[in-house]
Amino acid sequence: MSKITEQIEEITKPITDELNLELVDVEFVKEGRSWFLRVYVDNPDAPIDIDQCALVSERLSEILDELDPIEQNYFLEVSSPGAERPLKKEKDFENAISKFIYIKTYEPILDAKEFEGYLQSYTDEEVEIEVKIKTRRKTIVIPRQKIAVIRLAIDFSAKPDR
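Residues numbered from 1 in each chain as written. Predicted model: local features only at pLDDT ≥ 70, side-chain atom pairs only at ≥ 80, totals over all residues. Heavy atoms only, no water.

Q: Let's hear about unusual backbone geometry: which residues, and what values?
A: Within the chain, Asp68 stands out as a residue other than glycine whose phi angle is a positive 50 degrees. Its location among the elements puts Asp68 in the loop between α2 (50–67) and β3 (75–79). Phi is positive for Lys134, which is not a glycine, with a value near 55 degrees. As for its position among the elements, Lys134 is in the loop between β6 (126–133) and β7 (136–143). (Helix = DSSP H or I, 4+ residues; strand = E, 2+ residues; numbered from the N terminus.)

Q: Which residues make up a negative patch on the surface, and what are the values?
A: Where like charges cluster on the molecular surface, the negative patch consists of Glu58, Glu62, Asp65, Glu66, Asp68 and Glu71. Tracing the sequence through the fold places Asp65 in helix α2. (Patch = residues over 30% accessible without salt bridge, like charges linked within 9 Å, V, L, I, M, F, W, Y side chains within 5 Å. Areas by Shrake-Rupley, 256 points an atom, 1.4 Å probe, with all protein chains shown as cover. Salt bridge = Lys/Arg side-chain N within 4 Å of Asp/Glu carboxyl O. Lys, Arg positive; Asp, Glu negative; His and termini not counted. Charge placed at Lys NZ, Arg CZ, Asp CG, Glu CD.)

Q: Before we move on, can you summarise the sheet that holds strand β2 (residues 34–42) with the specific residues and values?
A: Within a sheet, adjacent strands bond to each other through the backbone by hydrogen bonds, running parallel or antiparallel. One open sheet holds the three strands; their spatial order is β1-β2-β3, and the pairing between them is mixed. Only two strands of the sheet have a single neighbouring strand rather than two, namely β1 (22–31) and β3. Adjacent strand axes in the sheet meet at a mean angle of 15 degrees, parallel and antiparallel pairs treated alike. Sitting on the sheet, α2 is in contact with β2 and β3, with an inclination near 145 degrees to β3. (Pairing = 2+ DSSP bridges. Axes fitted to C-alpha atoms, helices over the stretch in contact; angles between N-to-C directions. Contact = heavy atoms within 4.5 Å.)

Q: Now, about α2: what can you tell me, with residues and values included?
A: In this model α2 runs 25 Å from its N-terminal to its C-terminal C-alpha over 18 residues, within 8% of the 26 Å that 1.5 Å per residue would give. Among all positions of α2, only Cys53, Val56, Leu60 and Leu64 are buried. Seen from one end, α2 has its buried residues packed into an arc of 65 degrees, which puts them on one side. Of the exposed residues in α2, those oriented more than 90 degrees away from the buried face are Asp51, Glu62, Asp65 and Glu66. At its buried positions, α2 is contacted by α1 (3–18), β2 and β3. If you check the start of α2, you find a side-chain oxygen 3.0 Å away from the backbone N of Asp51, and it comes from Asp49. (Expected span 1.5 Å × (residues − 1). Buried < 20%, exposed > 50% of the residue type's maximum accessible area, 1.4 Å probe, protein only. Arc of directions from axis to C-beta. Polar contact = N/O pair within 3.5 Å; in protein donor to acceptor, adjacent residues only side chain to side chain.)

Q: Now, about the packing of aromatic side chains: what can you tell me, with residues and values included?
A: All chains considered together, the criterion is met by five aromatic pairs. An angle of 35 degrees between the planes, with centres 5.4 Å apart, marks the rings of Phe93 and Tyr122 as tilted. You can see Phe93 sitting in helix α3 (residues 90–96) and its partner Tyr122 sitting in strand β5 (residues 112–122), a full 29 residues away along the chain. Look at Phe93 and you get buried, because its relative accessible area is 3%. In this structure an aromatic cluster arises from ring pairing among Phe28, Trp35 and Tyr74. Sitting over the ring of Phe36, Arg38 keeps its end group 4.7 Å from the ring centre. Here Arg144 stacks its cationic end above the ring of Phe93, 4.2 Å away from the centre of that ring. (Phe/Tyr/Trp six-rings, centres within 6.5 Å; stacked < 30°, edge-to-face > 60°. Lys NZ or Arg CZ within 6 Å of the ring centre and 35° of its normal.)

Q: Outline the sheet that holds strand β4 (residues 100–109), listing residues and values.
A: The antiparallel open sheet is built from five strands, whose spatial order is β7-β6-β5-β4-β8. Among the strands making up the open sheet, the edge pair consists of β7 and β8 (147–152). Here the strands of the sheet are splayed against their neighbours by 40 degrees on average, with no regard to which way each runs. As defined by bridge partners, β4 adjoins β5 across six bridges and the pair is classed as antiparallel. Paired with Phe100 across the strands is Tyr118, a residue of β5.

Any functional reading would require information that these geometric values do not contain.
Take a look at the structure:
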């Protein structure tokens, strides 16, 4: 994690804690000529709403204006991580057991770089998912250092038996 995102996490965490929200992720990215500071928050007890995101944005913006930790101009965005939230923290993985996930790897594993399936287990070293290949279910173990992206996904083919 970059120094800026770590700083922003430290600044944002007390705000989200006070509002009983969860700080999911912080990104500081350049898109085209513009920089974006994206803060993803969620409500562990109910769906997060736009008013909660706006409140975090207002409070965070005031502190950022005061401390000025980022040299370049940027746009601040505070939003929900959405239905396809990233799995970053231990708690994210714990909550995702038996849920449908998407994984993209840095290099091919079993001749593929993208996988969708149900998270079976995880450790610090690897992730085990059950994928469906045609009509068969297969368990695949993916080393965590080879994972570029891992997030919840929506299974449009799910049947009631799952």
